Amino acid sequence: MNKVMQPDLVAEDARLTALAAFDILDTPPERGFDDIVNLARRLCAAPVALVSLVDRDRQWFKARAGLPPCETDLARSVCKFVLAEPGVLQIADLTCDPRTRENPLVTGEPHLRFYAGAPLRTAEGQVLGSLCVIDHVPRPGGLDPEQIEDLEALARQVMDQLVLRRSLADRDRAGRQGEAVSATLAEVAAAGGDLDASFRAVLAGAMRAVPAAEAGTVECQTASERDP
């Protein structure tokens, strides 16, 4: 079944690291991505369009139109096959392709039949998933050349959105850390040479500067506890 056909690229460490660096999985819907899938659906005259990100054991949809689930397991994923493609992957009839004919979304509801997916490729060449359009009827001729160009252009827009989102998050994080450093310096100055007060100010500042998701365990000892 699909597990046998699953590309090795799905679990490749470099690809998964690149995906994790965008910190996008399981985030709420965002209008920029929603607009892209709605435009892809219109341009390709398809009832379903998805921004699909392929994780180690699932595919998760940052944006979707025409398909209710937010994610599926990899046994139901067609987008995983895009990872190895240099360009748009088209499957004219999913019931006839050995990679997809036993897919539960093909054999059962919602009875998917046609698929076209453009790779979401980073500047370093890692493919995170796809921008895809899907139909409930086969398309022997597939997308026309103009639709393929449109889908590729929109996939680049998805990547631009991801890069912009990460840049804004990095800027906000740097800003918070800068504010924490400034506040800490002010508290140390206000301590007026009191070593205990200065130490507490530095510790509090360090904890403010580290986001909760990145925080570790800090163990502190007073001078009397360190001395034998």
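Quick caveat: nothing in here was measured; it's all calculated off a predicted structure.

## Structural notes on the pattern of salt bridges
Phase 1 of the analysis: Taken as a whole and judged by the stated rule, the model has 8 salt bridges.
Phase 2 of the analysis: The partner of R58 in a salt bridge is D26, and the shortest N-O contact between them spans 2.9 Å. One end of the pair, R58, is in strand β2 (residues 58-65); the other, D26, is in the loop between α2 (13-21) and α3 (31-43), with 32 residues separating them in the sequence.
Phase 3 of the analysis: Judged by its relative accessible area of 52%, D26 is exposed.
Phase 4 of the analysis: A salt bridge links R58 to E71; the shortest N-O distance between them is 2.8 Å. One end of the pair, R58, is in strand β2; the other, E71, is in strand β3 (residues 71-73), and 13 residues separate them in sequence.
Phase 5 of the analysis: Residue classification places R58 among the buried residues on the basis of a relative accessible area of 13%.

## Describing α3
Phase 1 of the analysis: Across its 13 residues, α3 extends 18 Å between first and last C-alpha, which sits within 8% of the 18 Å expected from 1.5 Å per residue.
Phase 2 of the analysis: Where α3 is concerned, the buried positions are F33, I36, V37 and A40. When α3 is viewed along its axis, its buried side chains cluster within an angular range of 95° and face the same direction. More than 90 degrees from the buried face of α3, the exposed residues found are R31 and R42.

## Topic: empty space enclosed by the protein
Phase 1 of the analysis: In this structure the tally under the stated criterion is 1 cavity of 30 Å³ or more.
Phase 2 of the analysis: Taken together, 14 residues form the lining of the largest cavity, with Q59, R76, V78, L112 and I134 sitting closest to its centre.
Phase 3 of the analysis: Among the residues forming the lining of the largest cavity, the class breakdown is 10 nonpolar, 3 polar and 1 charged.

The rules behind the values
- Residues numbered from 1 in each chain as written.
- Predicted model: local features only at pLDDT ≥ 70, side-chain atom pairs only at ≥ 80, totals over all residues.
- Heavy atoms only, no water.
- Salt bridge = Lys/Arg side-chain N within 4 Å of Asp/Glu carboxyl O.
- Helix = DSSP H or I, 4+ residues; strand = E, 2+ residues; numbered from the N terminus.
- Buried < 20%, exposed > 50% of the residue type's maximum accessible area, 1.4 Å probe, protein only.
- Expected span 1.5 Å × (residues − 1).
- Arc of directions from axis to C-beta.
- 1 Å grid on protein atoms, 1.4 Å probe; cavity = no way out; pocket = protein on both sides within 12 Å on 5 of 7 lines; lining within 4 Å.
- Points joined across faces, edges and corners; volume = space filled by probe spheres on them.
- Nonpolar A, V, L, I, M, F, W, Y, C, P; charged D, E, K, R; others polar.

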